[in-house]
Amino acid sequence: MSDAPLAGALALVTGASRGIGLAVAERLGAAGAHVVRLARSLTDRSGERRTDLRCDVSDPAQVERVVARVLAELGVPSIVVNNAGVFFVNRIEETEPAEFARALAVNVTGPFLVVHALLPHLRRRGTGHVVTIGSISDHMAFSDSSAYVASKYGVRGLHEALTVEVARTGIRTTLVSPGPVDTPLWDPVDPDARPGFTKRQDMLCATDVAEAVLFAVTQPERLTITELRLMPTVYSPRR
């Protein structure tokens, strides 16, 4: 692989202000792509190799506005990474309906809105790669995580439906499903103090997920990696 396999590419990454999203954005940028980072906490800013835009991906109006700006100023992204997500640990009866709705809005509706806005442009061009960051929870249920598990199973369903819909169009899709990753999402949970949880020192690093994304998007156009599952070498079967 060359030092800049993505030279000339335009990548859009959601939830890119920290954790996995930040690591993915930095890795794609290091590989030569101009990266558009979307996140609620970012301030609109443009540079030579990176554009930051503030956006809550669960808000249809914000997504439409941001995508319209990207299309007008930079063009159609060749790589779209849906990463934005929320995570919390609560039993079903302790989860407020508003919390459950928020998990679905960010984790499922967000990726839908981004793809909904960009897919017609990708179809017209006949190329592109949509990467969805899932989770071990998109194929395995865990207790005390009903909202997160439900949303991640929804993410898998969205990815699989998209894969079928874009078959024979030239658009590629990849679902990256990591086990526990040491990111700030775990800070309120404190897994080191909870029996049965994978300890943070044993978790994957955000850069591990970023390398998996780069691997998927730099394959020859004839090859689609539809799914990648990543796990720590040492982990708790419970979490």
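In what follows, the structure referred to is the one given above.
Basis of the calculations
- Residues numbered from 1 in each chain as written.
- Predicted model: local features only at pLDDT ≥ 70, side-chain atom pairs only at ≥ 80, totals over all residues.
- Heavy atoms only, no water.
- Helix = DSSP H or I, 4+ residues; strand = E, 2+ residues; numbered from the N terminus.
- Rg over C-alpha atoms; globule rule 2.2 N^0.38 Å.
- Core = buried A, V, L, I, M, F, W, Y, C linked by side-chain atoms within 4.5 Å.
- Buried < 20%, exposed > 50% of the residue type's maximum accessible area, 1.4 Å probe, protein only.
- Contact = heavy atoms within 4.5 Å.
- Salt bridge = Lys/Arg side-chain N within 4 Å of Asp/Glu carboxyl O.

A.B. asks: Would you explain the overall build of the protein in this entry?
C.D. replies: Looking only at helices and strands, the protein has 5 helices and 8 strands in total. What you see in the protein, going N to C, is helices and strands ordered as β-α-β-β-β-α-β-α-β-α-β-α-β. Since a compact globule built from 239 residues should have a radius of gyration of about 18 Å, the 17 Å found for the protein is in line with a globular shape. For the protein, the spread of C-alpha atoms along the principal axes amounts to about 50 × 40 × 35 Å.

A.B. asks: Would you explain the nonpolar core in this entry?
C.D. replies: In summary, soluble globular proteins display a tendency toward joint burial of nonpolar side chains. Grouped together as the largest cluster of nonpolar side chains are 31 residues, with contacts concentrated most on L6, L28, V81, V176 and V213. The contact partners of V213, leaving out residues within four places of it in the chain, are V24, L28, V81, V131, I133 and V176. Membership of the second largest hydrophobic core comes to 17 residues, among which are V36, V63, L113 and A117.

A.B. asks: Help me understand the environment of R125, please; the structure alone is not making it clear to me.
C.D. replies: With respect to the helices and strands, R125 occurs in helix α3 (residues 97-125). Here R125 falls in the partly exposed class, since its relative accessible area comes to 35%. C-alpha separation for the pair R125 and S46, spaced 79 residues apart in sequence, amounts to 25 Å. Excluding anything up to four places from it in sequence, R125 contacts V76, P77 and S78.

A.B. asks: Even after reading the chapter, I still don't get the pattern of salt bridges, so can you show me in this structure?
C.D. replies: Enumeration according to the criterion identifies 14 salt bridges in this entry. Note that R27 and E211 form a salt bridge whose closest N and O atoms lie 2.7 Å from each other. Residue R27 is found in helix α1 (residues 19-30), and its partner E211 is found in helix α5 (residues 206-217); the two are separated by 184 residues along the sequence. Using a relative accessible area of 39% as the deciding quantity, one classes E211 as partly exposed. Across the pair R172 and E221 runs a salt bridge, and its minimum N-O distance is 3.9 Å. Of this pair, R172 sits in strand β7 (residues 171-178) while E221 sits in the loop between α5 and β8 (227-230); the two residues are 49 residues apart in sequence, bridging distant segments of the chain. On the basis of relative accessibility, which here comes to 4%, the residue R172 falls in the buried class. Here the salt bridges do not stand alone but share partners, grouping D138, R156, E160, E227 and R229 into one network.

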